[in-house]
Amino acid sequence: RREIEPAARFGQELALVMIDVDSLKAYNDKNGHLRGSFLLKEIAGLLAEQVRSFDLVAKYGGDEFTLILPQTEREGAMVVAERTGATVAAPAFPLVPAGSITISSGVAMYPADAGDGTGLIQQADRALYLAKQRGRNRVETFWTQAA
């Protein structure tokens, strides 16, 4: 809500990227939940390095994150989501080889896809679900579903 108000006032776009860590349950089952918590902390740091100083990275649920990208059009949000996916997939995290930890992302836009924060989260979550359905380690956007 805090970011939607100025976007509405100034007629700007706002992107929301929902991110889910692929196969975190398997990582936790093999290495323990404490290691899983450390993994999430490392991923959060990688995500924060890939966004601008005024963007927001937040944990959302058990293994999900959100990126709130003010003044960002859909194409720019897709680029950020793709870049964060590549950044997370590249390193070898503790106890697993490089490339075995990946993320899936769903992108939704204010005001094009939803007129409020709740709707924006729902649409980004729907796009994320589509990314998971289509094989994980990928980015989908809300309008992809309508195509």
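Residues numbered from 1 in each chain as written. Predicted model: local features only at pLDDT ≥ 70, side-chain atom pairs only at ≥ 80, totals over all residues. Heavy atoms only, no water.

Colleague: Looking at this model, I keep getting lost on the side chain of Thr66. Mind explaining?
Modeller: With respect to the helices and strands, the residue Thr66 is situated in strand β3 (residues 64–70). With near-sequence residues (within four places) excluded, Thr66 lies in contact with Leu16, Val17, Met18, Leu56, Val57, Ala58 and Tyr60. (Helix = DSSP H or I, 4+ residues; strand = E, 2+ residues; numbered from the N terminus. Contact = heavy atoms within 4.5 Å.)

Colleague: Would you take a moment to explain the layout of surface pockets for this structure?
Modeller: Over the atoms rolls a probe the size of a water molecule, and in doing so it shows where empty space is left. Space inside the largest pocket adds up to approximately 340 Å³. Lining the largest pocket are 16 residues, with Arg1, Leu16, Ile68, Gly117 and Ile121 sitting closest to its centre. Among the secondary structure elements, those contributing two or more residues to the lining of the largest pocket are β1 (14–21), β2 (56–59), β3 and α5 (117–133). For the lining of the largest pocket, the leading source of residues is α5, giving 4 residues. (1 Å grid on protein atoms, 1.4 Å probe; cavity = no way out; pocket = protein on both sides within 12 Å on 5 of 7 lines; lining within 4 Å. Points joined across faces, edges and corners; volume = space filled by probe spheres on them.)

Colleague: Would you mind going over α5 with me for this structure?
Modeller: Over its 17 residues, α5 extends 24 Å from the first C-alpha to the last, a length consistent with the 24 Å expected when each residue adds 1.5 Å. Looking only at α5, the buried set comprises Gly117, Gly119, Leu120, Gln123, Ala124, Ala127, Leu128, Leu130 and Ala131. The backbone nitrogen of Thr118 lies 3.4 Å from a side-chain oxygen of the residue at the head of α5, namely Asp116. (Expected span 1.5 Å × (residues − 1). Buried < 20%, exposed > 50% of the residue type's maximum accessible area, 1.4 Å probe, protein only. Polar contact = N/O pair within 3.5 Å; in protein donor to acceptor, adjacent residues only side chain to side chain.)

Colleague: Mind showing me how you'd approach the pairing of β1 here?
Modeller: Note on strand geometry: in a regular strand, side chains alternate between the two faces of the sheet. The buried count for β1 comes to 8 of 8 residues, which makes it a mostly enclosed element. Residues of β1 alternate between two faces, with Leu14, Leu16, Met18 and Asp20 on one and Ala15, Val17, Ile19 and Val21 on the opposite face, all of them buried. Both β1 and β3 contribute to a ladder of 7 bridges, which runs antiparallel. By the bridge assignment, Ile19 is partnered in β3 with Phe65. Sheet topology places β1 next to strand β4 (residues 103–110); 8 bridges connect them, and they run antiparallel. Along β4, the bridge assignment pairs Leu14 with Tyr110. (Pairing = 2+ DSSP bridges.)

Colleague: I tried to follow unusual backbone geometry on my own but got confused; where do I start?
Modeller: Note: most residues except glycine have negative phi, and most peptide bonds are trans. Residue Pro111 follows Tyr110 across a cis peptide bond; omega there is 0°. Mapped onto the secondary structure, Pro111 falls in the loop between β4 and α5. The backbone of Ser23 sits at a positive phi, close to 60°, despite the residue not being glycine. Along the polypeptide, Ser23 turns up in the loop between β1 and α2 (24–31). Positive phi values are uncommon outside glycine, yet Asn137 reaches one of about 55°.

Colleague: Sorry if this is basic, but what is going on with the side chain of Asp55 here?
Modeller: Inspection of the secondary structure puts Asp55 in the loop between α3 (33–49) and β2. Within the structure, the side chain of Asp55 is placed 2.8 Å from the side chain of Arg52, a separation counted as a polar contact. In this structure Asp55 touches Ile68, Leu69 and Pro70, once residues within four positions along its chain are discounted.

Colleague: What should I look at first to understand the pattern of salt bridges in this one?
Modeller: Side chains carrying opposite charge are able to pair once their charged atoms draw close together. Going through the model one piece at a time under the given rule, you end up with 8 salt bridges. Here Asp113 makes a salt bridge to Arg74, at a shortest N to O gap of 3.0 Å. Here Asp113, found in the loop between β4 and α5, pairs with Arg74, found in helix α4 (residues 74–89); they are 39 residues apart in sequence, far enough to count as distant. For the residue pair Asp113 and Arg74, the accessibility class agrees, reading buried in each case. (Salt bridge = Lys/Arg side-chain N within 4 Å of Asp/Glu carboxyl O.)

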